[in-house]
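Chain residues, written in single-letter form:
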Protein chains: 2
Amino acid sequence: MTDNKPALHTVLSPALLNLYDIDNAIVVIIDVLRATSTIPTALFNGAACVMPVDSVERCIELGKSTNGITAGEREGKVIEGLQHGNSPFEYYPEFIKGKVLVLTTTNGTRLLHMALEKGAKHIVTGSFANLSAVVNYLIGQKQRVILACAAWKNKINIEDTLFAGAVISKVKAYFDINCDSSTIAAALYDEAKDDLYAFIKNRRASHYMRLSGYGLEKDIQHCLITDTANVLPLYEDGKLCIG
Amino acid sequence: MTDNKPALHTVLSPALLNLYDIDNAIVVIIDVLRATSTIPTALFNGAACVMPVDSVERCIELGKSTNGITAGEREGKVIEGLQHGNSPFEYYPEFIKGKVLVLTTTNGTRLLHMALEKGAKHIVTGSFANLSAVVNYLIGQKQRVILACAAWKNKINIEDTLFAGAVISKVKAYFDINCDSSTIAAALYDEAKDDLYAFIKNRRASHYMRLSGYGLEKDIQHCLITDTANVLPLYEDGKLCIG
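Just so it is clear, the model here is predicted, and its values are computed rather than measured. (Residues numbered from 1 in each chain as written. Chains lettered and ligands numbered in written order. Predicted model: local features only at pLDDT ≥ 70, side-chain atom pairs only at ≥ 80, totals over all residues.)

Another point: the packing of helix 7 (residues 180–192) of chain A against helix 7 (residues 180–192) of chain B. Where helix 7 of chain A contacts helix 7 of chain B, the axes come no closer than 9 Å and their chain directions differ by 75°. By the angle between their directions, the pair helix 7 of chain A and helix 7 of chain B is classed as roughly perpendicular. Residues Ile184(A), Ala187(A), Leu188(A), Asp190(A) and Glu191(A) of helix 7 of chain A touch helix 7 of chain B, and the partners they reach there are Ile184(B), Ala187(B), Leu188(B), Asp190(B) and Glu191(B). Residue composition of the contact of helix 7 of chain A with helix 7 of chain B, by class: six nonpolar, no polar and four charged. (Axes fitted to C-alpha atoms, helices over the stretch in contact; angles between N-to-C directions. Helix = DSSP H or I, 4+ residues; strand = E, 2+ residues; numbered from the N terminus. Parallel < 35°, antiparallel > 145°, perpendicular 65-115°, else oblique. Contact = placed C-beta atoms within 7 Å. Nonpolar A, V, L, I, M, F, W, Y, C, P; charged D, E, K, R; others polar.)

Laid out in structure tokens, this is it:
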């Protein structure tokens, strides 16, 4: 029944990651609003690399040592002491080309480090902005995959689940998927795919409510468009570079 | 926007329960295959009460002191030292009437005790077997609700998520639901509702695979039928009785 296809699992919250065998798997970190949408955008527009860090202090420190741009937001505002925010729109080519972006995010970075500690073989980041790049990579590698949603403070969210579903809809013929969370993600995507933005808005996704309260609807719409920055951010030695 | 409606949240795995405010909420314990399908069935068929316990030792002990029927399965077989299994079909009226059923289950009982420790105001059990009773109770109480899925060893499962979605589809006008897990459950149910059994079978739900491997397809089909045992098991002082 498996035809020797590699397994694929979806983890809908970082709090569930320890239930899965991460060792030697390819892990896709998913944080659609907005870290893993901004990361491929910066790379696509010419950034030398993106360094994801989990604290403001580390962000400032690495910003100095790499002569990089420091970026991060909390509650929709640029963090004091940093230079830029989390919006993909900030990282246009004329600004980011050739530069190092040091980005502090909460949910996504923490999850990336968890996957690293648990022995992931390769870590990449995924969002609608680079859906095809992720899909092509996973199909090509022919190895066990974990789609890891960053969620919001461990609470499952719609947008990351939707992206997992989008990936599954495109790779399912190549993997053995016996995982209820994957089925749930795929079903959600099936229901929403004709208009992701309308689905999220109408269903009042909690993160939509939070970000739209900060005036970030334009970011949300952009983060749901497919292949706007179709490169593969691959993590190695503390950096995400085009893989 | 809330119209003073009480909030409803869905918790898709016991591992996520600590992210939610359980204190003083009504908690619905959901373990469709098969604990919370068997519990209302036994009560509907005349059991005096059901005592859910989390260990075989405690089950045997309580079975003796209450002169009750001890029941529990692991891997689809009756546990050594106990008398009966977890199938709703075992608890027909001629057998169960007037008796105490002491039932040991893993996922559901543990979750019930967690909800109790976190200060739940009322705890009830829900499954398709008593969908209407649960829905009517929640609408009538007008209090904050947590739909708590027992899952499988903390891994999210389809059948419990589907039941949460079924409840939401019927109570959503009465609650303020700003919870992505609830949205996901409702979307899954929308997609599956025309034929729950076909959905679970076709999507190869992990628990379906496990139970059908033990020859329990008949149980699975039965556990997806609505209102076969339409009573409300309400937990108090270690017992579930009709509320």
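There's more to say after this.
Take the interface of chain B and chain A next. Taken together, the 26 residues of chain B in the interface contact 26 residues of chain A. Of all elements in the fold, only helix 6 (158–171), helix 7 and helix 9 (206–213) of chain B reach the threshold of two or more residues within the side of chain B that touches chain A. For the side of chain B that touches chain A, the element with the highest residue contribution is helix 7 of chain B, accounting for eight residues. Of the residues assigned to the side of chain B that touches chain A, the class counts are twelve nonpolar, eight polar and six charged.

Let's shift gears to the confidence of the model for chain A. On average, residues of chain A score 94 in pLDDT, and 99% of them are at 70 or above. Both scores are given for the predicted complex: the pTM is 0.95, the ipTM 0.94. (pLDDT = per-residue confidence, 0-100.)

Residues and elements named next belong to chain A. Burial along strand 1 (residues 8–11) is two-sided: the face carrying Leu8 and Thr10 and the face carrying His9 and Val11 are both buried. Across four bridges, the pairing between strand 1 and strand 8 (residues 145–149) is parallel. When the sheet's bridge partners are listed, threonine 10 is paired in strand 8 with leucine 147. (Buried ≥ 20, exposed ≤ 12 C-beta atoms within 10 Å, placed from the backbone. Pairing = 2+ DSSP bridges.)

As a further point, take helix 6 of chain B. Residues and elements named next belong to chain B. Over its 14 residues, helix 6 extends 20 Å from the first C-alpha to the last, a length consistent with the 20 Å expected when each residue adds 1.5 Å. Of all 14 residues in helix 6, eleven are buried; the element is thus mostly enclosed. Those residues of helix 6 not exposed but buried are Ile158, Glu159, Asp160, Thr161, Leu162, Phe163, Ala164, Gly165, Ala166, Val167 and Ile168. (Expected span 1.5 Å × (residues − 1).)

This part is about the packing of helix 6 (residues 158–171) of chain A against helix 7 of chain A. Two numbers describe a pair of packed helices, the interaxial angle and the distance between the axes. Residue and element names in this part refer to chain A. Packing of helix 6 against helix 7 leaves a shortest axis separation of 7 Å and a crossing angle of 95°. Taken together, the axes of helix 6 and helix 7 are roughly perpendicular relative to one another. Counted together, Thr161, Leu162, Ala164, Gly165, Ala166, Ile168 and Ser169 of helix 6 and Ser182, Ala185, Ala186, Leu188, Tyr189 and Ala192 of helix 7 form the full contact between these two elements. Of the residues belonging to the contact of helix 6 with helix 7, the class tally is nine nonpolar, four polar and no charged.

Before going further, it helps to spend a moment on the relation of the copies chain B and chain A. Screw-axis analysis of chain B against chain A gives a translation of 0.0 Å along the axis, an RMSD of 0.0 Å, and a rotation angle of 180°. This pairing of chains is accounted for by a two-fold axis. When each C-alpha of chain B is compared by its distance to the rotation axis, Leu188(B) comes out closest, at 3.1 Å. Both copies present the same face, since 100% of the interface residues in chain B are matched by interface residues at the equivalent positions in chain A. (Least-squares fit on C-alpha atoms with pLDDT ≥ 70 in both.)

Moving on: the environment of Ser181(B). Its location among the elements puts Ser181(B) in helix 7. Looking at Ser181(B), the number of C-beta atoms within 10 Å reads 30, which means it is buried. Separated by 169 residues in the primary sequence, Ser181(B) and Leu12(B) place their C-alpha atoms 7.0 Å from one another. Non-local contacts of Ser181(B), meaning those with residues more than four positions away in its chain, are made with Ile156(A), Thr10(B), Val11(B) and Leu12(B).

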